[in-house]
Amino acid sequence: MGFRCGIVGLPNVGKSTLFNALTATAAAAAANYPFCTIEPNVGRVPVPDPRLDKLASLGKSQRVVPTQLEFVDIAGLVRGASKGEGLGNQFLGHIREVDAIAHVLRCFENGDIVHVEGSIDPIRDAETVETELMLADMDSLEKRLPNLQKKAKGGDKESKAQIEIIEPVLEALRAGKPARTFVPAAEQRETLRQLQLLTAKPVLYVCNVEETSADKGNSLSAKVAEMAARQGASSVVISAAIEAEISQLSSAEERQEFLATLGLTETGLTRVIRAGYGLLGLLTFFTVGPKEARAWTVRAGAKAPEAAGAIHSDFERGFIAAETIAYADYVALGGEAGAKEAGKARTEGRDYTAADGDVFLFRFNV
């Protein structure tokens, strides 16, 4: 499990340039006109994690397999998308299928690149997209509600449970607040997820700035950061132009040298991934052996059997125990043998909660 993140935004804000850079492909045509991306483009990218290389070295692994995540480049949205304007229906349909939204906002001036609204204002752009998503959610729920109310009167418990979520969410939407402002009870979370509400998805604002502002951002990205903080969302600063240049460099040494000349220590991809993991509450665990060292992703709070299931469903179904070494102990003690000699290898049962960096060996019987 990684996560599937939809890259959205108004036309000409740098979505496809960012997607191309992130996936190091030219699958999405970056052009200076709206709707150059007609169908969603999906790219899988490895999650950079220096811990994995260290573990592979200690474990003398022949192969290193990072965990992956998917980015989906979705056609640009315009005002009226909730009513089918532009490519609204396709946009809204594709965005329902992702786990989180990376909302690219243009935070740079460039007279050669036309802005669909005629001026540069990332806060207005964010509100335009959010409004269209809220209108689409409102329309969806208002259409469902009458039928659910009929069923609930007939004693249908599932319909009643949905109504208990839909009514407060609709109230929030009518007040101009996204669905994610509704905090469900634990037993309501799955029902809320099944409603596939666009504004219930977590949002990461990606501020696309000019190259000279890639390290610290600019006044426009600072405004976006303030907006994100008020919403309880996240924001990162990148320069899609720089990311495009980095993606063309063939070696890690060249990329690092290029970053250093710009005063950067890491790529925008790394920042986006880190923010995305925090957004969705994900963590990474590892398996290490002579054949391969591999990183896996699971939700924070997952118990050991669920972590085992990320590898194979049989591991979860027949889970017996998890032999566990913390990453810090594995490295400090020179690998599995050293950790075991020092008493740092533990055998955990079904109730153990996976921790970020755990090195697991699962015992199972099917």
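A few points on the structure. Keep in mind that what you see is a predicted model, and the values were worked out from it rather than measured. (Residues numbered from 1 in each chain as written. Predicted model: local features only at pLDDT ≥ 70, side-chain atom pairs only at ≥ 80, totals over all residues. Heavy atoms only, no water.)

### What to know about the overall build of the protein chain
Which entries qualify depends on this criterion: We count a stretch as a helix when DSSP gives it H or I for four or more residues in a row; a strand needs E for two or more, and each element gets its number in order from the N terminus. Buried residues are those whose accessible area, probed at 1.4 Å on protein chains only, stays under 20% of the maximum for their type, while exposed residues exceed 50% and partly exposed ones sit between those limits. Contacts are assigned to residue pairs with any non-hydrogen atoms lying within 4.5 Å of each other. All accessible-area figures derive from a Shrake-Rupley calculation using a 1.4 Å probe, and residue coverage is judged against the displayed protein chains alone.
For the protein chain, the count of helices and strands is 14 helices and 12 strands. Across the 366 residues in the protein chain, those meeting the buried criterion constitute 49%. Relative to all contacts within the protein chain whose residues are 6 or more apart in sequence, the contacts with residues 24 or more apart total 68%. Carbon together with sulfur atoms contributes 50% to the accessible area of the protein chain, which is approximately 17,600 Å² in total.

### Notes on helix 10 (residues 268-280)
An α-helix turns once per 3.6 residues; consequently, residues spaced three or four apart project the same way. Condition: Any helix carries an expected span of 1.5 Å times its number of residues minus one.
With 13 residues, helix 10 should reach 18 Å at 1.5 Å per residue; the first-to-last C-alpha distance of 18 Å fits that figure. Taken across its 13 residues, helix 10 has 10 buried, putting it largely inside the fold. Restricting attention to buried positions, one finds in helix 10 the residues Gly268, Leu269, Thr270, Arg271, Val272, Ile273, Ala275, Gly276, Tyr277 and Leu279. Of the residues one or two after helix 10, glycine 281 is the one with positive phi, at around 65°.

### Here's the deal with the environment of valine 237
Mapped onto the fold, valine 237 is located in strand 7 (residues 234-238). A sequence separation of 20 residues divides valine 237 from glycine 217, and the C-alpha atoms of the two residues are 6.0 Å apart. Beyond its immediate stretch of four places on either side in the chain, valine 237 contacts Cys207, Val209, Ser213, Ala214, Gly217, Ser221 and Arg271.

### Brief notes about helix 4 (residues 122-153)
The first and last C-alpha atoms of helix 4 sit 46 Å apart over 32 residues, in line with the 46 Å expected at 1.5 Å per residue. Phi turns positive one or two residues past the end of helix 4, at glycine 155, with a value near 95°.

### Quick notes on the environment of valine 169
Tracing the backbone shows valine 169 in helix 5 (residues 157-174). Residue classification places valine 169 among the buried residues on the basis of a relative accessible area of 0%. A sequence separation of 31 residues divides valine 169 from alanine 200, and the C-alpha atoms of the two residues are 9.5 Å apart. In this structure valine 169 touches Leu141, Ala179, Phe182 and Leu197, once residues within four positions along its chain are discounted.

### Description of the pattern of salt bridges
What counts here: Salt-bridge detection follows one rule: a side-chain nitrogen of Lys or Arg within 4 Å of a carboxyl oxygen of Asp or Glu.
Per the counting criterion, the structure on display carries 17 salt bridges. In this structure, glutamate 70 engages arginine 4 in a salt bridge whose closest nitrogen and oxygen atoms are separated by 2.5 Å. Here arginine 4 lies in strand 1 (residues 4-8) and glutamate 70 lies in strand 4 (residues 68-73), a separation of 66 residues in the sequence. The exposure class of arginine 4 is partly exposed, given its relative accessible area of 23%. Among the salt bridges present, the one from aspartate 49 reaches arginine 51, with a minimum N-O distance of 2.9 Å. Here the salt bridges share partners, and the residues they tie into one network are Asp49, Arg51 and Asp356.

### A word on unusual backbone geometry
Note on backbone geometry: most residues besides glycine have negative phi, and most peptide bonds are trans. Even without a glycine there, the phi angle at asparagine 12 is positive, about 65°. One can find asparagine 12 in the loop between strand 1 and helix 1 (15-23). For asparagine 12, a relative accessible area of 15% corresponds to the buried category. Phi at glutamine 196 takes a positive value of approximately 55°, unusual for a residue other than glycine. Topologically, glutamine 196 is positioned in the loop between helix 6 (189-194) and strand 6 (203-208).

### Thoughts on the sheet that holds strand 4
Note the threshold: In short, DSSP must find at least two bridges between two strands for them to pair. Geometry is summarised by axes, namely lines fitted to C-alpha atoms with helices restricted to the contacting stretch, and by angles between N-to-C directions that run from 0 to 180 degrees.
As summarised here, the arrangement of the six strands in space is 2-4-1-5-6-7, forming an open sheet in which the pairing is mixed. The open sheet has two edge strands with one neighbour each: strand 2 (41-46) and strand 7. Direction aside, the axes of adjacent strands within the sheet are offset by 25° on average. By the bridge criterion, five bridges tie strand 6 to strand 7 in an arrangement that is parallel. Paired with valine 206 across the bridge in strand 7 is valine 236. Here helix 4 sits on the sheet in contact with strand 5 (100-106) and strand 6, set at roughly 145° to strand 5. Docked against the sheet, helix 7 (residues 219-231) engages strand 5, strand 6 and strand 7, running at close to 175° with respect to strand 6.

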